[in-house]
Amino acid sequence: MAYDVALVRAHFPQLREGDGLGAAHFDGPGGSQTPDVVAQAVYDVLTGPLANQGDVTPAERNAEAAVVAGRLAMADLLGADPRGIVFGRSMTQLTMDLARTLAQQWGPGDEVVVTRLDHDSNVRSWTIAAERAGATVRWADFDTETGELDPEQVERVLTDRTRVVAVTAASNLIGTMPDLPAIAKQVHDAGALLYVDGVHHTAHAAVDMTALGADLYACSPYKFLGPHCGVLAGDPGLLETLHPDKLVPAGDAVPERFELGTLPYELLAGTAAAVDFLAGLVPGEGSRRERLLVSLGALEEHEQRLRTRIEEGLASLPGVTLHARAARRTPTLLATFAGHDVTEVRDALAARNVNAPAGTFYAYEAARKLDLGPHGGLRMGLAPYTDDADVDRLLEGLAEALGG
């Protein structure tokens, strides 16, 4: 069955025309819109009886069910073990906590590798932890002309003292999707762990942690139609070897030992609903994992087709520099415009009810490497609900703003 974007859009009240509604959203890389079924799942948990997890009262069982459902859903989405699914406030919080925990085992002479392609959450978390432990930070660079992060750039900074390599599965700024399996082999041959920032990647492609070679994989449900929280996935056996700071009476079982305080049960229920929604983008049969693979494959084709339309439209406009150039990349484009400040272009689009933000989006090192300037670039990212009419509105708005 073909991807039916109209059927998908029917679940997003905020896309309907009306006062303040009906915008064309190209701001998905910063956080997607939320479908009605996800909001309903959050509502149902909050308005039902709810208490701390347990199995005695209905309120306790509701909390327990939300946690179990959330872990199972994320395991299906990521091709992971539900016993290794950790929930937290955000991907940044989880990465900071994990880096601090791993750094307990580091000292002078140990090394950590980060890349200049990454979101700062997957850079600064590790450099701060390394500095405090007395470990050395080594940098892998990307090519500004192609946008590629060649695995050789990682390999050249690996040594037998490397403990962790932190790398993105997809750049939130220019969409580059590095060859993670190749990088993973190099990292594991060096005896190190691979920590993958999957925040941007998870929203646009099927994920299989084993195939990618990720030892630890972090993402954010609010980037793929869910509520605002973070998820860290890892092998339960690996997590058993790590001992984060925790309260004395708090349980020490994995994955709970990594989750500080009471979990946001309503957000876990919303996360499970978002995964179910993704699995149903293309109606079909089979397990949730099987349906996810089919639906996300169809979504990838849909988004890449629209990305091609935008790129062709940009090529016909004057003074456009497109910084997203990697051979394999998400449907996320970053552009700057000769003779036009990107904030002026953003504002012109906003006046036409087209949301396309300007900035560097916490990709601090990448923005510096690309020499984007203080206002960064205009980022145009697609989402499951983006349709051809949205693309028409974007291109018409850009043509008017640029005089093309």
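Above this text you will find the structure in question.
As the structure is a prediction and not an experimental result, all values here were calculated from the model. (Residues numbered from 1 in each chain as written. Predicted model: local features only at pLDDT ≥ 70, side-chain atom pairs only at ≥ 80, totals over all residues. Heavy atoms only, no water.)

J.: Please explain the packing of aromatic side chains as it appears in this structure.
T.: All chains considered together, the criterion is met by four aromatic pairs. Between the aromatic rings of W106 and W126, the centroid separation amounts to 6.4 Å while the plane-to-plane angle is 35 degrees, which identifies the pairing as tilted. With W106 in the loop between α4 (91–102) and β3 (111–115) and W126 in helix α5 (residues 121–133), this residue pair connects regions lying 20 residues apart in the sequence. A relative accessible area of 0% means that W126 is categorised as buried. (Phe/Tyr/Trp six-rings, centres within 6.5 Å; stacked < 30°, edge-to-face > 60°. Helix = DSSP H or I, 4+ residues; strand = E, 2+ residues; numbered from the N terminus. Buried < 20%, exposed > 50% of the residue type's maximum accessible area, 1.4 Å probe, protein only.)

J.: Help me understand the pairing of strand β7 (residues 216–219) in this model?
T.: For a regular strand, side-chain orientation follows a simple rule: the groups alternate between the two sheet faces. Burial of the side chains of β7 extends over both faces: L216 and A218 are buried on one face and Y217 and C219 on the other. When β7 meets strand β8 (residues 230–234), the two strands line up antiparallel, connected through four bridges. Bridge pairing in β8 places Y217 opposite A233. (Pairing = 2+ DSSP bridges.)

J.: Looking at this model, I keep getting lost on helix α13 (residues 342–351). Mind explaining?
T.: The set of residues buried in α13 consists of V342, T343, V345 and L349. Axial view of α13: buried residues confined to an arc of 160 degrees, hence all on one face. Away from its buried face, by an angle of more than 90 degrees, α13 presents the exposed residues E344 and A351. Against the buried residues of α13 lie β10 (332–337), β11 (354–355), β12 (358–359), β13 (377–381) and α15 (388–402). Phi turns positive, to about 65 degrees, at N353, one or two residues after α13. (Arc of directions from axis to C-beta. Contact = heavy atoms within 4.5 Å.)

J.: I'm lost on the sheet that holds strand β9 (residues 320–322) in this one. Help?
T.: Strands in a sheet are paired, the pairing made by backbone hydrogen bonds, and the direction either parallel or antiparallel. Taken together, the four strands give an open sheet; going across it, the order is β9-β10-β13-β12, and neighbouring strands pair in antiparallel fashion. Each end of this open sheet is capped by a strand with a single partner; those strands are β9 and β12. Contacting β9, β10 and β13, helix α12 (residues 288–315) runs over the sheet at an angle of about 10 degrees to β10. Taken strand by strand, α15 contacts β9, β10 and β13, and its axis lies near 165 degrees from that of β13. (Axes fitted to C-alpha atoms, helices over the stretch in contact; angles between N-to-C directions.)

J.: How should I be thinking about the sheet that holds strand β5 (residues 162–168) in this particular structure?
T.: Strand order in this open sheet of seven strands is β2-β8-β7-β6-β5-β3-β4, and the pairing throughout is mixed. Looking at strand neighbours, the two that pair on one side only are β2 (85–88) and β4 (136–140), the edges of this open sheet. Each strand axis lies, on average, 20 degrees off the axis of its neighbour in the sheet, ignoring direction. Judged from the three bridges that link them, strand β6 (residues 193–197) and β7 form a sheet pairing that is parallel. Bridging from a neighbouring strand, Y195 pairs with L216 of β7. Of the strands in this sheet, β5 and β6 are in contact with helix α7 (residues 180–189), which crosses β6 at around 150 degrees.

J.: Would you mind going over the packing of helix α3 (residues 58–78) against α12 with me for this structure?
T.: If you want to describe how two helices pack, look at the angle between their axes and the distance between the axes. Contact geometry of α3 with α12 gives a least axis separation of 9 Å together with a crossing angle of 50 degrees. Taken together, α3 and α12 sit at an angle that is classed as oblique. The hand of the α3/α12 crossing is right-handed. Judged by residue contacts, L72, A73, D76, L77 and L78 of α3 engage R288, R289, L292 and L296 from α12. Partitioning the contact of α3 with α12 into residue classes produces six nonpolar, no polar and three charged. (Parallel < 35°, antiparallel > 145°, perpendicular 65-115°, else oblique. Left-handed = near helix turned anticlockwise from the far one by under 90°. Nonpolar A, V, L, I, M, F, W, Y, C, P; charged D, E, K, R; others polar.)

J.: Would you mind showing me how to read a negative patch on the surface here?
T.: A grouping of D143, E145, D150, E152, E155 and D179 is seen on the molecular surface, where their side chains present a negatively charged patch. Structurally, the position occupied by E152 is in helix α6 (residues 151–155). The class of E152 is exposed, set by a relative accessible area of 52%. (Patch = residues over 30% accessible without salt bridge, like charges linked within 9 Å, V, L, I, M, F, W, Y side chains within 5 Å. Areas by Shrake-Rupley, 256 points an atom, 1.4 Å probe, with all protein chains shown as cover. Salt bridge = Lys/Arg side-chain N within 4 Å of Asp/Glu carboxyl O. Lys, Arg positive; Asp, Glu negative; His and termini not counted. Charge placed at Lys NZ, Arg CZ, Asp CG, Glu CD.)

J.: What's the story with the nonpolar core in this structure? I'm lost.
T.: The tendency in soluble globular proteins is for nonpolar side chains to be buried as a group. With 72 residues, the main nonpolar core has M74, L77, L78, L173 and Y217 as its most contacted residues. Contact partners of M74, with chain neighbours within four places excluded, come to I85, F87, C219, F224, V231, T271 and V275. Of all hydrophobic cores here, the second largest spans 28 residues; its members include A103, V114, V123 and A133. (Core = buried A, V, L, I, M, F, W, Y, C linked by side-chain atoms within 4.5 Å.)

J.: Any chance you could explain the pairing of β8 here in plain terms?
T.: Counted residue by residue, β8 has five buried out of five residues, so it is predominantly covered. Alternating residues of β8 divide into G230, L232 and G234 and V231 and A233, and every residue in both groups is buried.

J.: Teacher, can you tell me more about the packing of α13 against α15 here?
T.: Two elements in contact, α13 and α15, have axes separated by 9 Å at closest approach and are oriented at 130 degrees. Of the possible angle classes, the one that applies to α13 and α15 is oblique. Relative to α15, the crossing made by α13 is right-handed. Across the interface between the two elements, V345, A348 and L349 from α13 touch L394, G397, L398, A401 and L402 from α15. Residues of the contact of α13 with α15, tallied by class, amount to seven nonpolar, one polar and no charged.

J.: Hey, could you run me through unusual backbone geometry in this one?
T.: Across residues other than glycine, the phi torsion is negative in most instances, and most of the peptide bonds are trans. Following V254, the chain continues into P255 via a peptide bond in cis, with omega recorded as 10 degrees. Assignment of secondary structure puts P255 in the loop between α10 (236–240) and α11 (265–279). In the Ramachandran plot, N353 falls in the positive-phi region, its phi being about 65 degrees despite a non-glycine side chain. As for its placement among the helices and strands, N353 is situated in the loop between α13 and β11.

J.: Would you mind going over the environment of S90 with me for this structure?
T.: Its location among the elements puts S90 in the loop between β2 and α4. For the pair S90 and C219, spaced 129 residues apart in the sequence, the C-alpha separation amounts to 8.3 Å. In this structure, S90 is in contact with C229 and G230, ignoring residues within four places of it in sequence. Looking at S90, its side chain comes within polar contact range of the main-chain nitrogen of Q93, at 3.0 Å. (Polar contact = N/O pair within 3.5 Å; in protein donor to acceptor, adjacent residues only side chain to side chain.)

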